[in-house]
Amino acid sequence: MADKKATVTVTQTRSPIGRDGDQRATLIGLGLNKINRTKTLEDTSSVRGMIEKVKHLVRVEEQA
């Protein structure tokens, strides 16, 4: 059987206007660039670090 990898669903809730350029680049790296856009990503330490950097701009939902 294939192992199911943990995933997180990230939704952009706020605009990066007026924020540092690296925060905008982090949103784009996560696959987000418009409010209410949602991506389901593999739960890795690098993705968690990116989410931590823009946690004030996104909503995160944990999934198994």
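A short tour of the structure in this document, coming up. (Residues numbered from 1 in each chain as written. Predicted model: local features only at pLDDT ≥ 70, side-chain atom pairs only at ≥ 80, totals over all residues. Heavy atoms only, no water.)

Topic: the sheet that holds strand β2 (residues 38–42)
Sheet strands associate in pairs through backbone hydrogen bonding, adopting either a parallel or an antiparallel arrangement.
Reasoning step 1: Pairing in this open sheet of 3 strands is antiparallel, and the strands run β2-β1-β3 from one edge to the other. Of all the strands in the sheet, just β2 and β3 (58–63) have a single pairing partner and so form its edges. Pairwise comparison of adjacent strand axes, ignoring direction, gives a mean angle of 25 degrees for this sheet.
Reasoning step 2: Across 6 bridges, the pairing between strand β1 (residues 7–12) and β3 is antiparallel. Among the inter-strand pairings, V8 is bridged to a residue of β3, identified as E62. (Pairing = 2+ DSSP bridges. Helix = DSSP H or I, 4+ residues; strand = E, 2+ residues; numbered from the N terminus. Axes fitted to C-alpha atoms, helices over the stretch in contact; angles between N-to-C directions.)

Some details on the nonpolar core
Reasoning step 1: The biggest cluster of nonpolar side chains holds 11 residues, and these are V8, V10, L27, L30, L32, L41, V47, I51, V54, L57 and V58.
Reasoning step 2: For this core, the secondary-structure elements that each account for two or more residues are β1 and α2 (45–53). (Core = buried A, V, L, I, M, F, W, Y, C linked by side-chain atoms within 4.5 Å. Buried < 20%, exposed > 50% of the residue type's maximum accessible area, 1.4 Å probe, protein only.)

Here's the deal with the environment of V54
Reasoning step 1: With respect to the helices, strands and loops of the structure, V54 is situated in the loop between α2 and β3.
Reasoning step 2: Each C-alpha atom, one on V54 and one on D22, is 9.6 Å from the other, the two residues being 32 residues apart in sequence.
Reasoning step 3: With near-sequence residues (within four places) excluded, V54 lies in contact with Q23, T26, L27 and L30. (Contact = heavy atoms within 4.5 Å.)

Quick notes on the side chain of Q12
Reasoning step 1: Considering the arrangement of structural elements, one finds Q12 in strand β1.
Reasoning step 2: Here the side chain of Q12 touches N33 through a polar contact of 3.4 Å, landing on its backbone nitrogen.
Reasoning step 3: When residues no more than four places from it in sequence are discounted, the contact partners of Q12 are L27, L32, N33, K34, I35, N36, R37, L57 and V58. (Polar contact = N/O pair within 3.5 Å; in protein donor to acceptor, adjacent residues only side chain to side chain.)

Remarks on the pattern of salt bridges
Reasoning step 1: Overall, the coordinates contain 6 salt bridges when judged by the stated rule.
Reasoning step 2: Residue K5 is joined to E42 by a salt bridge in which the shortest nitrogen-to-oxygen separation is 3.8 Å. You can see K5 sitting in the segment before β1 and its partner E42 sitting in strand β2, a full 37 residues away along the chain.
Reasoning step 3: A relative accessible area of 57% places K5 in the exposed class.
Reasoning step 4: On the basis of relative accessible area, E42 is assigned to the partly exposed category, the value being 41%.
Reasoning step 5: One salt bridge in this structure joins D22 and K53, with 3.1 Å as the shortest N-O distance. Placement of D22 in helix α1 (residues 21–29) and of K53 in helix α2 is noted, with a sequence separation of 31 residues between them.
Reasoning step 6: Taking the relative accessible area as the measure of exposure, D22 reaches 38% and is therefore partly exposed.
Reasoning step 7: Using a relative accessible area of 38% as the deciding quantity, one classes K53 as partly exposed.
Reasoning step 8: A network of salt bridges, in which partner residues are shared, links D43, R48 and E62. (Salt bridge = Lys/Arg side-chain N within 4 Å of Asp/Glu carboxyl O.)

Geometry only, nothing functional implied.
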